[in-house]
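Geometric and topological summary
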Amino acid sequence: VILIPLAGAQQISSVSPRTVIVGESVELEITGRNLGLSGDGNLEILASFPCQQEIISEEPKPPADEKAAKPRSKVRLKVSLKEDVQVGVGWLRLVTSMGITPPILFLIDDMPTRRVDSKTRRDDVVLLEPPLAIESRTPNLDGHYYKLEAKSGQRIAIEVIGSRLGEDVDAVLK
């Protein structure tokens, strides 16, 4: 039996944004621990959906002049999806020279997505204009306020996906 210590294991701690639209490209910022060696060129996404990627930047920056590479803690990737990718919850992992990260859940959507900062006061509400998906973080179990103008008889569907993506959130809509 071989025991591998988990203290140095690769781990993704966050991905932002957590949504990509079918047929479009998005810049993902992935942070974590031991995400391969900076500048070694060995970094690929392994995902449950077909995608193409390109490295935009990595931290720490790749070493110059043959110095020893350091483990990455952050990487920005441009990820592109084709038009025929299935909508739903998928997963992605990073494959590096140091191994493969555990999977992190990710939303693939066909609806325009707007990233908004959390508004915790009624005076700072964000006006929503459907059809629209909102991507937002909810730190410290805060309340968030949004404004939606609707007409009598109009049907509106609202869905919260946070916990299905592995986030620690128990959302309530009022």
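Residues numbered from 1 in each chain as written. Predicted model: local features only at pLDDT ≥ 70, side-chain atom pairs only at ≥ 80, totals over all residues. Heavy atoms only, no water.

Core analysis: the biggest nonpolar cluster contains 21 residues, and Ile12, Leu28, Ile30, Leu77, Leu92 and Leu94 have the highest contact counts within it. Listing elements by their share of this core, those giving two or more residues are β1 (11-16), β3 (25-33), β4 (43-47), β6 (74-81), β7 (88-96) and β9 (104-109). A total of four residues in this core trace back to one element, the largest contributor, which is β6. Leu28 has contacts with Val15, Ser16, Pro17, Val75, Arg76, Leu77, Val79, Leu92 and Phe106, leaving out every residue within four places of it along the chain. (Core = buried A, V, L, I, M, F, W, Y, C linked by side-chain atoms within 4.5 Å. Buried < 20%, exposed > 50% of the residue type's maximum accessible area, 1.4 Å probe, protein only. Helix = DSSP H or I, 4+ residues; strand = E, 2+ residues; numbered from the N terminus. Contact = heavy atoms within 4.5 Å.)

Here we come to the pattern of salt bridges. This model, assessed by the stated rule, comprises four salt bridges. Notably, a salt bridge pairs Arg76 with Glu27, separated by 2.8 Å at the nearest N-O pair. In this pair, Arg76 sits in strand β6 while Glu27 sits in strand β3, placing the two residues 49 residues apart along the sequence. Glu58 serves as the salt-bridge partner of Arg72, at 2.4 Å between the closest nitrogen and oxygen. Taken as a pair, Arg72 in the loop between β5 (51-59) and β6 and Glu58 in strand β5 lie far apart in primary sequence, 14 residues in all. Accessibility expressed as a relative area gives 1% for Arg72, which makes it buried. Via salt bridges that share partners, Glu27, Glu29 and Arg76 belong to a single interconnected network. (Salt bridge = Lys/Arg side-chain N within 4 Å of Asp/Glu carboxyl O.)

Here the focus is the sheet that holds β5. With antiparallel pairing, the four strands of this open sheet are ordered in space as β1-β3-β6-β5. Two strands bound the open sheet, and with one partner strand each, they are β1 and β5. Across this sheet, the average inter-strand angle for adjacent strands is 25°, counted without regard to direction. The pairing of β1 with β3 spans five bridges and is antiparallel. Within β3, the position partnered with Ser16 by the bridge is Glu29. (Pairing = 2+ DSSP bridges. Axes fitted to C-alpha atoms, helices over the stretch in contact; angles between N-to-C directions.)

It is worth spelling out the environment of Val22 at this point. Its place among the elements puts Val22 in the loop between β2 (19-21) and β3. When the C-alpha atoms of Val22 and Val85 are compared, they prove to be 6.1 Å apart, with 63 residues separating the residues in sequence. Once you skip the residues sitting within four places of it in the chain, Val22 turns out to touch Lys82, Glu83, Asp84, Val85, Val87, Ile108 and Asp109.

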